[in-house]
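Descriptive analysis of the structure
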Amino acid sequence: DGLHTIPPSGFVFHESRVGSTLVANSLTAMDPTAHRVYSESHPMNDALKENSSDMDANVQLLRDVVYLMGRTSSAEENQLFFKVSSVGSK
């Protein structure tokens, strides 16, 4: 089967006009086969915006989203990056 999960290699926090899109695009261009880059993905942003009073549940939700988005059957993919929109980082 070969299914495995790539641990996150880095997070890029987006704010207007700081070059985060350039960074995300550069990460992709450096090695498109090995690097998976999510730019302002809805699952990640929604998990970061979750406002439950149960902090442990919020943390687990974020871990679950990262785990699921990092699953791959590709032997070449080995780097996982997330560009998080400013809405998700507040």
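Above this text is the structure in question.
Note that the structure is predicted; figures quoted are calculated from it, not measured.

1. A look at the pairing of strand S5 (residues 79–84)
Extensive coverage of S5 is indicated by the burial of five of its six residues. Inspection of the sheet shows strand S2 (residues 8–13) paired to S5 by five bridges, in the parallel sense. Its bridge partner being in S5, Phe13 is matched across the sheet by Val84. Bridge analysis of strand S3 (residues 35–39) against S5 gives five bridges, and the strand direction is parallel. From the neighbouring strand, His35 faces S5, where its bridge partner is Gln79.

2. Quick word on the packing of aromatic side chains
The tally for this structure, following the rule as stated, stands at two aromatic pairs. Taken together, a centroid distance of 5.5 Å and an interplanar angle of 15° make the contact between Phe11 and Phe82 stacked. With Phe11 in strand S2 and Phe82 in strand S5, the pair connects residues that are 71 residues apart, well separated along the chain. Look at Phe82 and you get buried, because its relative accessible area is 1%. Pairing Tyr38 with Phe82 gives two aromatic rings, centres 5.6 Å apart and planes at 15°, and the pair type is stacked. Here Tyr38 is found in strand S3, whereas its partner Phe82 is found in strand S5, with 44 residues between them in sequence. Owing to a relative accessible area of 23%, Tyr38 belongs among the partly exposed residues under this scheme. Through a chain of ring-to-ring contacts, the aromatic side chains of Phe11, Tyr38 and Phe82 assemble into a single cluster.

Conventions used here
Residues numbered from 1 in each chain as written. Predicted model: local features only at pLDDT ≥ 70, side-chain atom pairs only at ≥ 80, totals over all residues. Heavy atoms only, no water. Buried < 20%, exposed > 50% of the residue type's maximum accessible area, 1.4 Å probe, protein only. Helix = DSSP H or I, 4+ residues; strand = E, 2+ residues; numbered from the N terminus. Pairing = 2+ DSSP bridges. Phe/Tyr/Trp six-rings, centres within 6.5 Å; stacked < 30°, edge-to-face > 60°.

On their own, these measurements won't tell you what the molecule is for.
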